[in-house]
Amino acid sequence: MKTLRDHSERLIRTTLREIPDGTFVAQDYLDDDGLGTKGILIRVAVTIRDDRAWIDFTGTAAQVEGCLNANDAITLSCVFYVLKTISRFPIPANGGIMRPIRVTSPEGSLVNARSPAAMAGGNVETSQRIVDVLFRAFAKALPTRIPAASSGSMNNMAVGGTDPIRGKNISYYETVGGGAGGGAVGPGASGVHTHMTNTMNTPIEALENSYPFRVTAYSLRRGSGGSGQHPGGDGLVRELEFLTVTECTLLTERRRIAPYGIKGDEREKRERTS
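Since this is a predicted model, take the numbers as computed values, not measurements.

J.: Go over the packing of helix α2 (residues 72-86) against helix α3 (residues 120-141) with me, naming the residues and quoting the values.
T.: Relative orientation and spacing of two packed helices are given, respectively, by the angle between their axes and the distance between those axes. At a closest axis distance of 9 Å, the pairing of α2 and α3 adopts a crossing angle of 45°. What the angle tells us is that α2 and α3 run oblique. Pair α2 / α3 crosses with right-handed handedness. Here Ile-74, Thr-75, Cys-78, Val-79, Tyr-81, Val-82, Leu-83, Thr-85 and Ile-86 of α2 come into contact with α3, specifically with Gly-122, Asn-123, Ser-127, Ile-130, Val-131, Leu-134, Phe-135 and Phe-138.

J.: Mind laying out the environment of His-193, listing which residues take part and the relevant values?
T.: Position of His-193 among the secondary structure elements: in the loop between β6 (168-175) and α4 (204-210). Assessed through its relative accessible area of 25%, His-193 is described here as partly exposed. When the C-alpha atoms of His-193 and Thr-244 are compared, they prove to be 29 Å apart, with 51 residues separating the residues in sequence. Apart from residues lying up to four places away in sequence, His-193 is in contact with Met-154, Thr-175, Val-176, Gly-177 and Thr-199. Side-chain polar atoms of His-193 contact the side chain of Thr-175, separated by 3.4 Å.

J.: So, the pattern of salt bridges: which residues are in play, and what are the values?
T.: Evaluated as defined, the whole model comprises 15 salt bridges. As a salt-bridge pair, Asp-6 and Lys-2 come within 2.9 Å of each other at their nearest N and O atoms. In this pair, Asp-6 and Lys-2 both sit in helix α1 (residues 2-17), four residues apart, roughly one turn of the helix. A salt bridge links Arg-129 to Asp-132; the nearest nitrogen and oxygen atoms lie 2.9 Å apart. Here Arg-129 and its partner Asp-132 are both found in helix α3, three residues apart, which amounts to about one turn of the helix.

J.: Go over the side chain of Ser-8, please, and point to the residues and values.
T.: Within the element layout of this structure, Ser-8 appears in helix α1. A distance of 2.9 Å separates the side chain of Ser-8 from the side chain of Asn-94, its partner in a polar contact.

J.: So what's going on with the packing of aromatic side chains? Which residues, and what values?
T.: The relation between two aromatic rings is expressed through the spacing of the ring centres and the mutual angle of the planes. For the structure shown, the criterion picks out five aromatic pairs. Summarising the aromatic geometry, the rings of Tyr-172 and Phe-213 are spaced 5.7 Å apart at their centres and angled 70° between planes, so their arrangement reads as edge-to-face. In this pair, Tyr-172 is assigned in strand β6 and Phe-213 in strand β7 (residues 213-221), connecting sequence segments 41 residues apart. Here the two residues Tyr-172 and Phe-213 agree in accessibility, since each one is buried. Grouped by ring-pair contacts, the aromatic residues Tyr-172, Tyr-211, Phe-213 and Phe-242 constitute a single cluster. Seen from the ring of Trp-54, Arg-102 lies directly overhead, with NZ or CZ sitting 4.4 Å from the centre. Seen from the ring of Tyr-218, Arg-238 lies directly overhead, with NZ or CZ sitting 4.4 Å from the centre.

J.: Describe the pairing of strand β5 (residues 156-163), naming the residues involved and giving the relevant values.
T.: Inspection of the sheet shows β5 paired to β6 by eight bridges, in the antiparallel sense. Paired with Gly-161 across the two strands is Ile-170, which belongs to β6. Note: β5 against strand β9 (residues 246-251), six bridges, orientation antiparallel. Its bridge partner lying in β9, Val-159 is registered against Cys-248.

J.: Would you mind going over the sheet that holds strand β1 (residues 22-32) in detail, with residue names and values included?
T.: Spatial ordering of the open sheet is given by β1-β2-β3-β4, a layout of four strands whose pairing is mixed. In the strand order of this sheet, the two ends are held by β1 and β4 (101-104), each with one partner. Adjacent strand axes in the sheet meet at a mean angle of 15° when their direction is disregarded. Sheet analysis places β1 next to strand β2 (residues 38-49), joined by 10 bridges and oriented antiparallel. Bridge pairing in β2 links Leu-30 to Ile-40. Against the sheet, α3 touches β1, β2 and β3 (52-56), its axis set at about 150° to β1.

What counts and what doesn't
Position labels on residues start from 1 in each chain and follow its written sequence. Only residues with pLDDT of at least 70 are given local features in this predicted model, and only at 80 or more are side-chain atom pairs given and counted; all residues enter the totals for whole chains, interfaces and linings. Only heavy atoms go into the side-chain values, all of them from the structure, while hydrogens and water stay out. Note on geometry: axes are C-alpha line fits, over the in-contact stretch for helices, and angles between N-to-C directions span 0 to 180 degrees. Only DSSP runs of H or I covering at least 4 residues are called helices, and only runs of E covering at least 2 are called strands; the numbering of each starts at the N terminus. With respect to orientation, any angle under 35 degrees is reported as roughly parallel, any angle over 145 as roughly antiparallel, any angle of 65 to 115 as roughly perpendicular, and every other angle as oblique. Should the near helix be turned anticlockwise from the far one by less than a right angle, the crossing is termed left-handed; should it be turned clockwise, right-handed. Only heavy atoms enter the contact rule, under which two residues are in contact if any of them lie within 4.5 Å. The classification of residues rests on relative accessible area computed with a 1.4 Å probe and restricted to protein chains. Under 20% of the type maximum is buried, over 50% is exposed, and intermediate values are partly exposed. Think of a polar contact as two N or O atoms within 3.5 Å of one another; within protein, one of them needs to be a possible hydrogen donor and the other a possible acceptor, and neighboring residues in sequence only count if both atoms come from side chains. One speaks of a salt bridge when a side-chain nitrogen belonging to Lys or Arg is within 4 Å of a carboxyl oxygen belonging to Asp or Glu. Note on aromatic pairs: the rings of Phe, Tyr and Trp (six-membered ring only in Trp) are paired at centre separations within 6.5 Å, and the planes decide the class, stacked below 30 degrees, edge-to-face beyond 60, tilted for the rest. For a lysine, the NZ atom is tested; for an arginine, the CZ atom; a charge sits over a ring if that atom is within 6 Å of the ring centre and within 35 degrees of the ring normal. Here the rule is simple: two strands pair whenever DSSP picks up at least two bridges between them.

Have a look at this one:
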């Protein structure tokens, strides 16, 4: 195991040496925390010096009352993921990747919240935005390697109720994919999960066989990925009909603040003039 960690360390140091030295700053926002706090800032400064990197989240908003807070483990996982994916070659996933990396995430901030902060959404939604911000910073150093922002949300849906057909209570949780960001080599993929998620869609046949639901539509939302030479992938339309009384809750993002493009998109223009 020591040899494998040493190997991963050598590979990530090689990756870092390919990045120009400098400090690359980026920021993005979460829509809101559901309890009145809107436009929640996540900011990062990525400093590259030879084969080492300093990832500094100073300037990120303070932890919020809603459930979007992330702890330090979530933030470190996002850094680990981004570093592994920007490499030109596969790197075994282990602690060796983080040896040349210094991460600063101020305690009490959205990305390193103190107990007893609510964190359910920090794992599934804030993690996505941390990745977006990190990629946006690295894109300034590696513009041909980093794509634009993807859909940026796991689109979490939870349904509870009673199934009168089977005579039991039901609880169902689903996430819905979106579009991947376009990049220098081509457009983004449509209808996929991206970045900090490992979930897959529930097949229609399995869902309708197990729950009092009907799937009335499941398709791509054509044109939703944006414009440009290499547009982002399209998102999904997934319509459910509930055949019994249910309570449905949604935990989603990117409803107010759209994913960013890399070059010349309308959101970038608005940010530069605001």
